[in-house]
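Okay, here's what each chain looks like letter by letter:
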Amino acid sequence: MADFGGTDLEAFRAEARAWIEANFPASLKGKPNPMMREERANPSADQEAWRKAMGDKGWGVPTWPAAYGGGGLSPAEGRIIQQELGRAGAYNPIGGMGVMMFGPTLLEYGTEDQKREHIPPIVKGDLQWCQGYSEPGAGSDLASLQTRAEDKGDHFLINGQKIWTSGAQFAQWCFCLVRTDTSKKHEGISFVLIDMDQPGVEVRPIQLINGTSPFCETFFTDARAEKKNLVGPLNGGWTIGKRLLQHERSGLSGGGGMFGMGKSLEQLAKEYIGVDEQGRVADADLRARVIQNDMDWRAFQQTAMRAMAESKGNSGPSAATSIMKNAATSTLQTRAELTIEIMGHQGLGWSGDEFNKEEKEAVRSWLGGKATTIYGGSQEIQSNIISKRILGLPDLTQSH
Amino acid sequence: MAVLSEEQSMLRDAAKSWVQEKSPVTAFRKMRDSGAELGYDAAAWNEMAEMGWAGVIIPEEYGGSNFGYLSMGLILEELGRTLTASPLLASALAAASALVLGGTDAQKSEWLPKIAEGTAVGALAVDEGAHHAPDRVAAEVKGGKLSGKKTFVLEGMAANVFVVSAKGDDGALGLYLVRGDDAGVTRTRLHLADSRGAANVEFKDAAAEPLTGGKDLLEKVLDRARAGLAAEMLGSAIQAFETTLDYLKVRVQFGQVIGSFQALQHRAAKMFTDLELARSTVEAALAAIDADSPDTPELVSLAKAKMGDTFHLVSNEMVQMHGGIGMTDAHDAGFYLKRARAAEAAFGNQAFHRDRYARIQGY
């Protein structure tokens, strides 16, 4: 890959490599990121040291401005850090919704004071953010949300219920869409930041069909949000909220990160089903469907590479990005279905020693993956976006 | 769209404007209605050759520009949009590849300059039945004379030189050059649904010169032809989709344009999604050929299978979404539907390439 200023970059690579070597605790080499696991509530001393080192250095968010504690580096340097972390078997301990979604949005729309207050703790990984968007009555039709924010002079009084607030049980702060004007739909929504550590906030984890509880119900009862924590104009939150969703979708369509991509389907099929005298998976019907899924995934990967090349190249923004979420999620869901089919009854093992770890993960991953075509803009909403915004197809007018 | 060099952008723009001005779908319709024996318009082919398109993959010392396969793909994509029929794929891509990769200096000097200037047409004669099966070859060469029957030879009516797969004296599969004017060559015009210039060709003790490279050469040449055809299919599928999308925005029923119905919107979104994915695979296959990458065979099979599925879907939807008018011969939809199936079947259909992809991956 040809990067300009190659010599400088090579010098930077050496610097990054040396710094990671000096700071990454050897005990964590090759270990998974504790961020998305239960153990994050009780990190080890080495995990804490690594988070602090990366947080102080600003390299967890290498391209964010140095003024707010970020790395202040170029995209090319950011990629080098990613590569060198991978090379060292190190994970990036700085992550979560603050990094993926809220930070980039606040950097774009926040005031100087808001950035100085809220960006550094994200950079350092000192606190976590959760997303207060959906409500029981506002899912795909998000703009119908009803959580009220009443103007009380120096603060807003918040009352209402949010649902699917990911990671709310671990979060100290919530970025939230609230209703500040009941006479309008989209133009009556504001984007406010709510401190979760106050009496008017109650969080109840929701257990999902795969046994995990990544989402919560969050109840606001006379909770407070200071006026200084209104982002953007009053009743101007919809634009900001939508922008944030774009960051969310670009994160979700990364694909591989959503599931452990362990063994390939053909490896599993060879193990569980066996092969014929020509070395082909013995079940012809299954083999054909494995091939189809394998090729669908390869086509998706080629598209991800193309979109990345185009975004760096001369051809302007790539239309390919709009299709990424649906393409990735449908292919990965089919992959999960095939995995448990290949494993047979063993692929339905919920717990106990009769099933290996791979089998128990397969069943939970299959079930958990069903959420991917629902959250972050459902498959149907994505299709609406493609047909209306990209293809220019019109809205339905009232029938007469 | 791949990130293009300046030369590639110029080549694509030139192809786009020539196709729009000189070769709209009405030109294809005229050619079909005339019952043209060659299956293409010779005057249009002359113009294409004059612009240097027939020399895009041919080295400069043999009269070409050596721009590569991605560049050739850009032209084929534009031609595909309006179903422009020409020997560009069979001659300037497939037969030229066989000569570039496996020809002696004498063979290259004899044929490549003529192919590059469009004065000679080459054709690839590999199949012997109704399905693409490059391993199943009965044609034989004995003492320099080739005998056998080849089916569905693209541009078989126009060919001045055939690149023919056959078993040699040692029983090994290889490619041979046979001159079109050899007394042992008999052609039968095939009238196929897509109105292109296909022929069955019978060889009886025709003088055959071997190309170097055996079965490997055959596979390489086929992969180049498949990737080029996939690029042409991409252009056809995109145009079929855009024509359909335009119709969804103007056709009114129940007091609304039908494109406002979500049932149709989501099918349009699905087609767009598949076209974007297919484009990625086609461009990756062409770029792999240019880079002589070891994963070329699997990327080519990926592209041909994905493009086949996508063109299949879009051409069916084109007819369905146009309703009754799409069933009439006066409308273009039928042309795209017929071309889709012929292009799918050529050089291996989706089933062929899915199986090949898995075999390459070892399952």
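Not measured: the values here are computed from a predicted model.

### With respect to the overall build of chain A
- Along its length, chain A carries eleven helices and eight strands.
- The C-alpha atoms of chain A give 23 Å as radius of gyration, which agrees with the globular expectation for 400 residues (21 Å, within 12%).
- Each of the three principal axes of chain A carries a C-alpha extent, and together these read 80 × 65 × 50 Å.
- Here the contacts in chain A between residues at least 6 apart in sequence split such that 68% fall between residues at least 24 apart.
- Here chain A has roughly 19,300 Å² of accessible surface; of this, 53% comes from carbon and sulfur atoms.
- Placing the 43 positive and 49 negative side-chain charges of chain A at their respective mean positions leaves the two points 3 Å apart.

### Digging into the domain arrangement of chain B
All names here are of chain B.
- Looking at the assigned domains, one finds that chain B contains domain 1 (6–116), domain 2 (122–212) and domain 3 (216–361).
- Each of domain 1 and domain 2 has a C-alpha centre, and these two points are 21 Å apart.
- With 26 residues of domain 1 at the contact, the number on the domain 2 side is 21 residues.
- Where domain 1 packs against domain 2, one counts one salt bridge.
- Linking E110 and R179 is a salt bridge whose minimum nitrogen-to-oxygen distance equals 2.6 Å.
- Where domain 1 meets domain 2, there are eight residue pairs in polar contact (both at pLDDT 80 or more).
- Top contributing element to the side of domain 1 that touches domain 2 by residue count: helix α5 (residues 88–102), with nine residues.
- Here the side of domain 1 that touches domain 2 is built from residues that sort into 16 nonpolar, seven polar and three charged.

### Quick notes on the pairing of strand β4 (residues 173–179) of chain A
Residues and elements named next belong to chain A.
- For β4, a buried count of seven out of seven residues is recorded, marking the element as mostly surrounded by other parts of the structure.
- Residues of β4 alternate between two faces, with W173, F175, L177 and R179 on one and C174, C176 and V178 on the opposite face, all of them buried.
- When strand β1 (residues 129–132) meets β4, the two strands line up parallel, connected through four bridges. In the sheet register, W129 faces β4, and the bridge partner there is W173.
- Relative to strand β5 (residues 189–195), β4 is paired through seven bridges, and the arrangement is antiparallel. Bridge pairing in β5 places L177 opposite F191.

Conventions adopted
Residues numbered from 1 in each chain as written. Chains lettered and ligands numbered in written order. Predicted model: local features only at pLDDT ≥ 70, side-chain atom pairs only at ≥ 80, totals over all residues. Heavy atoms only, no water. Helix = DSSP H or I, 4+ residues; strand = E, 2+ residues; numbered from the N terminus. Rg over C-alpha atoms; globule rule 2.2 N^0.38 Å. Contact = heavy atoms within 4.5 Å. Areas by Shrake-Rupley, 256 points an atom, 1.4 Å probe, with all protein chains shown as cover. Lys, Arg positive; Asp, Glu negative; His and termini not counted. Charge placed at Lys NZ, Arg CZ, Asp CG, Glu CD. Domains from an automatic or database assignment. Salt bridge = Lys/Arg side-chain N within 4 Å of Asp/Glu carboxyl O. Polar contact = N/O pair within 3.5 Å; in protein donor to acceptor, adjacent residues only side chain to side chain. Nonpolar A, V, L, I, M, F, W, Y, C, P; charged D, E, K, R; others polar. Buried < 20%, exposed > 50% of the residue type's maximum accessible area, 1.4 Å probe, protein only. Pairing = 2+ DSSP bridges.

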